[in-house]
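Okay, here's what each chain looks like letter by letter:
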Amino acid sequence: MTEYRDFGRTGVKVSPLCLGTMMFGARGNPDHDDSIRIIHQALDSGINFVDTADVYSAGESETIVGKALAGGRRDDVVLATKFHGSLGTDPNEQGNSRRWIIREVENSLRRLGTDWIDLYQVHRPEPGTDFDETLGALSDLVHQGKIRYIGTSTFEPSAIVEGQWIAERRGRERVVAEQPPYSLLARGIEREMLPTAQRYGLAVLSWSPLAGGWLSGRYRKGADQPESSRAERQAGRFDIASTENTAKLDAAEALAQLADEAGLTLVQLALAFVLEHPAVTSAIIGPRTLEQLTSQLGADRVRLSQDVLDRIDKIVPPGTNLSSRDAGYHPAELTDPALRRRSRPVGQFRTPARGPGSR
């Protein structure tokens, strides 16, 4: 029987496993009927939490979820979706602005076939947009009854704190949940993000608990490169020949051996580990097939011994991301050199003026 968990301090109860739907639609499983069967199987197993996003297969995933929840299933599901990513050639068909949020929530509601969204999440930060503008628009949607709660995804701890400060000082609705990447191979959020979420009472629903497939059992030393649509889209993150991924391959091999010794599958070990952290509310599973779903169901009932957890810490130290690509988000200050340099064209440098008392 599923033991439901507190969704932060909202009073809502959710299943430890959250059904992620990124792989439903053209991006993964294009068969709507098959995808709907998978969703129904997840719900029948006790999962009451479903997460999607407007950019998953350009809205097709939301449409499939809407079909699956038709006929009376909607009321029993905590439904989450996200906005931010580009959905067209118009530069304003993306981002975290009030203009886009007010427009896109209507599109998501239509595709999902519902009058309300339980958790509406900012899919990624956008430094060029005042967070107060974003929270102001989302607060209006809460007051209108179109969304119930506000969440973020892959935000830095400082941005999480900023959101709480804005809500308190500006009278906005509070962000109640964060969705970060977290797995046996990507433990960076243990340093600061998870403790921050605990301090502010935020629910945490972690994405990619199987590290994008690295912990599915398919990535093993001596084996050929597994074929996957993710590897085609993000070759650098999945190429087993890449120097940066060597550590991931070594760790996946060691973890697979540990799982076998513990009488578990690697998938069960990976999901149970994520759910073991006291700050984590739910782990998002993202099956493409019914077989994949079946392999993950029940992992929330697995309890890892202290010995197993200690051995995991030796394979991948706490707070460590084995690959920087798995962080999910890199601030512009790290990706745009212009934000780190005072460089000017030759001949444009001037000696700073000396103020009173200068030497």
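Located above this text is the structure these notes cover.
Every value quoted in this text rests on a predicted model; they were computed, and no experiment measured them.

Focus: the overall build of the protein chain
- Counting secondary structure elements, the protein chain contains 13 helices and 10 strands.
- Split into buried and exposed, the 359 residues of the protein chain put 51% on the buried side.
- For the protein chain, the proportion of contacts with a sequence separation of at least 24, taken over those separated by at least 6, is 77%.
- Accessible surface computed for the protein chain: about 17100 Å², of which carbon and sulfur atoms make up 47%.

Topic: helix α5 (residues 157–170)
- Helix length check: α5 (14 residues) gives 20 Å between terminal C-alpha atoms against 20 Å at 1.5 Å per residue, within 8%.
- Among the residues making up α5, those that are buried are P157, A159, I160, G163, Q164, I166 and A167.
- In the core, the buried residues of α5 are packed alongside α4 (131–144), β8 (175–179) and α6 (193–199).
- Looking one or two residues past α5, G171 carries a phi angle of roughly 75 degrees, positive in sign.

Some points on the side chain of Q179
- On the secondary structure map, Q179 appears in strand β8.
- Residue Q179 is classed as buried on the basis of its relative accessible area, which comes to 3%.
- There is a polar contact of 2.7 Å between the side chain of Q179 and the side chain of Q121.
- Once residues lying within four places of it in the same chain are set aside, the contact partners of Q179 are D51, K82, Q121, T152, S153, T154, L205, W207 and I284.

A few points about unusual backbone geometry
- For S208, which is not a glycine, the phi torsion comes out positive at approximately 60 degrees.
- On the secondary structure map, S208 appears in the loop between β9 (203–206) and α7 (229–233).
- Under the relative-accessibility criterion, S208 is labelled buried at 16%.
- The backbone of A211 shows a phi angle near 55 degrees, a positive value even though the residue is not glycine.
- Position of A211 among the secondary structure elements: in the loop between β9 and α7.
- Under the relative-accessibility criterion, A211 is labelled buried at 3%.

Quick notes on the sheet that holds strand β3 (residues 17–20)
- Around the barrel, which closes on itself, the 8 strands sit in the order β3-β4-β5-β6-β7-β8-β9-β10 with parallel pairing between neighbours. If you compare each strand with its neighbour and ignore which way they point, the axes differ by 30 degrees on average.
- Relative to strand β6 (residues 117–122), strand β5 (residues 78–83) runs parallel, the two being bridged by 4 bridges. When the sheet's bridge partners are listed, K82 is paired in β6 with Q121.

Some thoughts on the packing of aromatic side chains
- Applying the stated criterion across every chain yields a total of 4 aromatic pairs.
- When the centroid spacing of 4.9 Å and the interplanar angle of 40 degrees are considered together, the rings of F83 and Y120 count as tilted. With F83 in strand β5 and Y120 in strand β6, this residue pair connects regions lying 37 residues apart in the sequence. Per residue, the accessibility class of F83 equals that of Y120, and both read buried.

Considerations on helix α3 (residues 98–112)
- Here α3 contains 15 residues, and its C-alpha end-to-end distance of 21 Å stays within 8% of the 21 Å for a straight helix at 1.5 Å per residue.
- On the buried face of α3, the contacting elements are α2 (60–69), β5, β6, α4 and β7 (147–153).

As for the pattern of salt bridges
- The tally for this structure, following the rule as stated, stands at 16 salt bridges.
- Between R73 and D44 there is a salt bridge; the shortest N-O distance is 3.3 Å. With R73 in the loop between α2 and β5 and D44 in helix α1 (residues 32–44), this residue pair connects regions lying 29 residues apart in the sequence.
- The class of R73 is partly exposed, set by a relative accessible area of 26%.
- The residue R187 makes a salt bridge to E190 at a minimum N-O spacing of 3.0 Å.
- Accessibility expressed as a relative area gives 4% for R187, which makes it buried.

Points about the nonpolar core
- Counting residues in hydrophobic clusters, the biggest one holds 78 residues, and the most contacted among them are Y120, L138, I147, L215, L269, L304 and I312.
- Ranked by residue count, the leading element in this core is helix α10 (residues 266–276), at 9 residues.
- Among the nonpolar cores identified, the runner-up in size contains 13 residues, and F7, F49, V78 and A80 belong to it.

Side note on the side chain of Q296
- Residue position: Q296 is located in helix α11 (residues 290–296).
- Setting aside residues up to four positions removed in sequence, Q296 forms contacts with L17, L210, V267, L271, I285, G286 and P287.

Let's talk about the environment of L293
- Position of L293 relative to the elements: it lies in helix α11.
- Accessibility expressed as a relative area gives 0% for L293, which makes it buried.
- For the pair L293 and I39, spaced 254 residues apart in sequence, the C-alpha to C-alpha distance is 9.3 Å.
- Sequence-distant contacts of L293, that is, excluding residues within four places in its chain, are made with L19, I38, Q41, A42, I285 and P287.

Re the environment of A137
- In this structure, A137 sits in helix α4.
- Expressed as a C-alpha distance, the spacing of A137 and S97, which sit 40 residues apart in the sequence, is 8.1 Å.
- Every residue in contact with A137, bar those within four places of it in the chain, is listed here: R98, I101 and I102.

So, how was this worked out
- Residues numbered from 1 in each chain as written.
- Predicted model: local features only at pLDDT ≥ 70, side-chain atom pairs only at ≥ 80, totals over all residues.
- Heavy atoms only, no water.
- Helix = DSSP H or I, 4+ residues; strand = E, 2+ residues; numbered from the N terminus.
- Buried < 20%, exposed > 50% of the residue type's maximum accessible area, 1.4 Å probe, protein only.
- Contact = heavy atoms within 4.5 Å.
- Areas by Shrake-Rupley, 256 points an atom, 1.4 Å probe, with all protein chains shown as cover.
- Expected span 1.5 Å × (residues − 1).
- Polar contact = N/O pair within 3.5 Å; in protein donor to acceptor, adjacent residues only side chain to side chain.
- Pairing = 2+ DSSP bridges.
- Axes fitted to C-alpha atoms, helices over the stretch in contact; angles between N-to-C directions.
- Phe/Tyr/Trp six-rings, centres within 6.5 Å; stacked < 30°, edge-to-face > 60°.
- Salt bridge = Lys/Arg side-chain N within 4 Å of Asp/Glu carboxyl O.
- Core = buried A, V, L, I, M, F, W, Y, C linked by side-chain atoms within 4.5 Å.

These figures come from the coordinates and say nothing about function on their own.
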